[in-house]
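Inside the fold
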Amino acid sequence: MYGIFMECWVSLKLYFGNPILPIILLASAIYLIIFEKDVRKKIILGVLPIVILAGFLLPITKIVYVAAFDDGSDTYYRILWLIPMYMVIGYAACKLIFSFENKIKQRVALVVALVVVMISGSLVYLNQYMSVAENMYHIPQYVIDVCDVIAPKDGEQRIRAVFPSELVHFVRQYDTDILMPYGREMLATQWDYYNAVYDAYEKPEVINAEALLEATRQSKCLYIVLRTDRKVDVNLVTMGLKLVDTVGDYMIYSDPEVQKWYDEQGVYMVIP
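Note that the structure is a prediction, hence the values are computed from the model and not measured.

Cut-offs applied
Residues numbered from 1 in each chain as written. Predicted model: local features only at pLDDT ≥ 70, side-chain atom pairs only at ≥ 80, totals over all residues. Heavy atoms only, no water. Helix = DSSP H or I, 4+ residues; strand = E, 2+ residues; numbered from the N terminus. Contact = heavy atoms within 4.5 Å. Axes fitted to C-alpha atoms, helices over the stretch in contact; angles between N-to-C directions. Parallel < 35°, antiparallel > 145°, perpendicular 65-115°, else oblique. Nonpolar A, V, L, I, M, F, W, Y, C, P; charged D, E, K, R; others polar.

Here the focus is the environment of Y31. By the secondary structure assignment, Y31 is in helix α2 (residues 20-35). C-alpha separation for the pair Y31 and A92, spaced 61 residues apart in sequence, amounts to 7.0 Å. With residues up to four places along the chain from it excluded, the contact list for Y31 reads E36, A92, K95, L96 and S99.

Within the fold, I50 resides in helix α3 (residues 39-57). For I50 and V206, which are 156 residues apart along the polypeptide, the C-alpha to C-alpha distance reads 44 Å. What I50 contacts, discounting residues up to four positions off in sequence, is L26, A29, I30 and I33.

A separate point is the packing of helix α1 (residues 2-16) against α3. Each pair of packed helices can be summarised by the angle the axes make with each other and by the distance between the axes. At a minimum axis distance of 8 Å, the contact between α1 and α3 shows a crossing angle of 135°. Overall, the two elements α1 and α3 adopt an arrangement that is oblique. Counting all contacts with α1, which are made through F5, C8, W9, S11, L12 and F16, the residues of α3 involved are L53, F56 and L57. Its residues placed into classes, the contact of α1 with α3 shows eight nonpolar, one polar and no charged.

Here you go:
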């Protein structure tokens, strides 16, 4: 049970990203529980968020969720979508600001509230992934080209693949049938946590092929997408992988050992 609790805890941290945000949410919910007089608002905006957060961390909640939904472990964080987070924070901030009768105090409280909200996020237009649209999907064309090579056909099971960091943000915007061992939270989060594939794939200057394959096979990654300029101590082909295609600056490898696992599970897919 402790292991499941830690998985829930990690999912919670990944969902919020910035550790300031859950603090603001909890503070807002508690403030509304204490000072909100309307019982309905008190329950929906004060009590409910705390109940959902507490329930999310209970191992039994995750056990039931995973049992109810196929591959539910990958989508468990969506329970947190039930929390009207910005409505709670916004309403609590407005209630606090207008609780002051003095106009000057109201303005000061407004500025403080804005600053607190601002430091919990970042300006989207300064993000390195913002660029001029190249297609109808508004994502880089090279992401589409890579995904088209490995995407499962209609009626086939979803596949899992590991991508370079510059592709991670866009893959599931284009095709939700392509899963990843980690997402953009690994690249932007301020929380400290461990992911075996990320540690083997992104962290070293020269990738240890044996460590990478051990991690990707454990995570059942059928494909490994690698930049052509990325250094690996041993050629992945000699390690048993198949070079499926080279798309622009990216080499796409498939892992027959993971394919065999898919076949044993009754997942029928043909590697190109």
